[in-house]
Amino acid sequence: QVQLVESGGGLVQAGGSLTLSCAASGRTFSTYTMGWFRQAPGKEREFVALITWSGHSTYYADSVKGRFTISRDNAKNTVYLQMNSLKPEDTAVYYCAADVMGWSTGETQYDFWGQGTQVTVSS
């Protein structure tokens with residue numbers, strides 16, 4: 001089992017920045033693709049970004065490309081999401097997730113999930 005704990009959410013003004021962290025338990029973190037997803041009120045959960053086990057490959061949703069950066073530190077069992085130029089439409093609960101078998105933008109492919117952290121962007 002892998003436990004994921006997100007932190008770093010909060011309230012920020014439009015144009016501001018936040019960095020989310022996701023700490024993972026377990027010795028096999030470095031073998032997993034890690035993803036960030038988000039769910040806004042009344043909407044389905046959507047893919048935000050992913051990073052492969054080595055950190056060499058990343059992929060972003062079009063809506064965040066150029067503004068968000070995903071990274072990981074395998075020595076610390078932690079994945080990060082640096083969010084810049086935040087917009088009110090970025091308001092959501094942000095979840096990190098681990099994909100044991102491969103890498104995908106589909107949430108059904110992810111095996112382990114955190115509890116989420118709220119990000120609120122005021123206009």
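In case you missed it, the structure is sitting above this.
Engineer: For this particular structure, what's the right way to read the pairing of strand E9 (residues 92-99)?
Structural biologist: Successive residues of a regular strand alternate their side chains across the two faces of the sheet. Counting buried residues along E9, seven of its eight residues qualify, which places the element largely inside the surrounding structure. Where strand E4 (residues 33-39) and E9 come together, seven bridges link them in antiparallel fashion. Residue Phe37 lies in a different strand from E9, and its bridge partner there is Tyr95. Where E9 meets strand E11 (residues 117-122), three bridges bridge the pair, whose relative direction is antiparallel. Paired with Tyr94 across the bridge in E11 is Thr117. Bridging between E9 and strand E10 (residues 112-113) involves two bridges; their strand directions are antiparallel. Note on E10: the bridge partner recorded for Ala97 is Trp113.

Engineer: Looking at this structure, how should I read the side chain of Arg67?
Structural biologist: Among the structural elements, Arg67 can be located in the loop between strand E6 (58-60) and strand E7 (68-73). With relative accessibility at 11%, the residue Arg67 sits in the buried group. Within polar-contact distance, the side chain of Arg67 engages the backbone oxygen of Ser85 at 2.9 Å. Discounting residues that sit within four places of it in the chain, Arg67 has contacts with Gln82, Met83, Asn84, Ser85, Leu86, Lys87 and Asp90.

What counts and how
- The residue count restarts for each chain, going from 1 along the sequence in the order it is written.
- The model is predicted, so local features are restricted to residues of pLDDT at least 70 and side-chain atom pairs to those at 80 or more, both for listing and for counting; the totals for chains, interfaces and linings are taken over all residues.
- The side-chain figures draw on all heavy atoms in the structure; neither hydrogens nor water molecules are used.
- To sort residues, take the accessible area from a 1.4 Å probe on protein chains only and compare it with the maximum for the residue type: under 20% means buried, over 50% means exposed, and anything in between is partly exposed.
- Helix and strand definitions follow DSSP, with helices as H or I runs of at least four residues and strands as E runs of at least two, each counted in order from the N terminus.
- Pairing between strands is defined by DSSP: at least two bridges between them are needed.
- Whenever a nitrogen or oxygen atom comes within 3.5 Å of another N or O atom, the pair is scored as a polar contact, on the condition that within protein one atom can donate a hydrogen and the other can accept it, and that pairs from neighbouring residues in sequence are kept only if both atoms are in side chains.
- We call two residues contacting when some pair of their heavy atoms lies within 4.5 Å.

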